[in-house]
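Listed here are the chains, written in short residue letters.
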Amino acid sequence: MDQYPKTVELLKGSAVLRPLTHDDKEEVLAFSSTLSHHDLMFLRRDITKPETVEHWLNEIDREQALVIIAEIDGKMVGYGMLSLNDLDWTRHLAELRVLVHPDYRNTGLGRKMIREVFALAVDRGVEKVIARMTLDQTAARSLFHELGFRPEALHEGEVKDLDGNMHDVVRMAVDVKALLARRDIYGLN
Ligand SMILES: CC(C)(COP(=O)(O)OP(=O)(O)OC[C@H]1O[C@@H](n2cnc3c(N)ncnc32)[C@H](O)[C@@H]1OP(=O)(O)O)[C@@H](O)C(=O)NCCC(=O)NCCS
């Protein structure tokens, strides 16, 4: 993680990327309070709860997760996370999640974060990367699709919103080796 902090150019202005640290708990909670319930529905843990941040930090310390946060003017505006697996039979697999503050969407940050965390997965030798999202998280679907992810499973009625309506969750995946063979197309380093 020597490459951080790192400045990335956005459509307008720039953001600084850096790993999450134990000092960032309040910042994460302030960030998560800006998110709608719909934004949270693809998550495996509720990021608005302090214990989730504790859990992340434990996972980071155990080298089972990487969390990169994006800041603009010192304020957290997004994060990207890679969840690794320690079981022998799922070690090749990791899950990528990304979330951007509603006021900073369509700035190019989501695309940068997905590619940043994807590159970290490649560095760690992950062979297959997955991402989960509700079917109507269309911006996410299109950004992952653009990078080479394809839907591989549909989980019907997997999550419920505040009104009790069920939503389907799509799992997208990419084979890293196959993608890297086409790295020029995707502009990966
Ligand atoms: C997905 C997400 C991270 C994207 O962040 P972002 O900063 O807006 O991303 P970018 O600005 O880099 O790119 C957004 C792209 O989605 C497109 N987009 C935006 N809204 C869209 C929609 N409703 N349908 C289809 N595409 C859409 C934009 O046109 C843009 O593509 P373009 O640059 O080719 O025009 C952000 O929307 C988010 O946090 N969503 C909620 C959580 C989520 O869905 N996470 C993903 C699950 S892993």
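Quick note: structure is the one above.
Reading the values: rules and limits
Residues numbered from 1 in each chain as written. Predicted model: local features only at pLDDT ≥ 70, side-chain atom pairs only at ≥ 80, totals over all residues. Near = placed C-beta within 6 Å. Helix = DSSP H or I, 4+ residues; strand = E, 2+ residues; numbered from the N terminus. Nonpolar A, V, L, I, M, F, W, Y, C, P; charged D, E, K, R; others polar. Pairing = 2+ DSSP bridges. Expected span 1.5 Å × (residues − 1). Axes fitted to C-alpha atoms, helices over the stretch in contact; angles between N-to-C directions. Buried ≥ 20, exposed ≤ 12 C-beta atoms within 10 Å, placed from the backbone.

Quick word on the site of the ligand
No. 1: Residues in contact with the ligand amount to 21 residues; listed here are only the nearest, Arg105, Gly110, Arg111, Thr138 and Ala140.
No. 2: Ranked by residue count, the leading element in the shell around the ligand is helix H5 (residues 138-147), at five residues.
No. 3: Of the residues assigned to the shell around the ligand, the class counts are 10 nonpolar, seven polar and four charged.

Things to note about the pairing of strand S3 (residues 65-72)
For a regular strand, side chains alternate in direction, first toward one face of the sheet and then toward the other.
No. 1: In this structure, strand S2 (residues 14-19) lies alongside S3, joined through four bridges in antiparallel fashion. Bridge pairing links Pro19 to Ile68 in S3.
No. 2: Here eight bridges tie S3 to strand S4 (residues 75-83), and the two strands are oriented antiparallel to one another. Paired with Ile68 across the strands is Gly80, a residue of S4.

Section: helix H3 (residues 50-61)
No. 1: In this model H3 runs 17 Å from its N-terminal to its C-terminal C-alpha over 12 residues, within 8% of the 16 Å that 1.5 Å per residue would give.
No. 2: Positive phi appears at Glu63, one or two residues downstream of H3, with a value of about 60°.

Some points on the sheet that holds strand S5 (residues 93-100)
No. 1: Pairing in this open sheet of eight strands is mixed, and the strands run S1-S2-S3-S4-S5-S6-S8-S7 from one edge to the other. A strand with exactly one partner marks an edge of an open sheet, and here the two such strands are strand S1 (6-9) and strand S7 (150-160). Going across the sheet, the axis of each strand differs from the next one's by a mean of 25°, ignoring polarity.

Topic: unusual backbone geometry
No. 1: A cis amide bond, omega 0°, links Tyr4 with the succeeding residue Pro5.
No. 2: Within the fold, Pro5 resides in the segment before S1.
No. 3: Located in the positive-phi region is Glu63, a residue other than glycine, with phi close to 60°.
No. 4: With 10 C-beta atoms counted inside 10 Å, the residue Glu63 sits in the exposed group.
No. 5: Unusually for a residue other than glycine, Asn106 sits at a positive phi of about 60°.
No. 6: Position of Asn106 relative to the elements: it lies in the loop between S5 and helix H4 (109-123).

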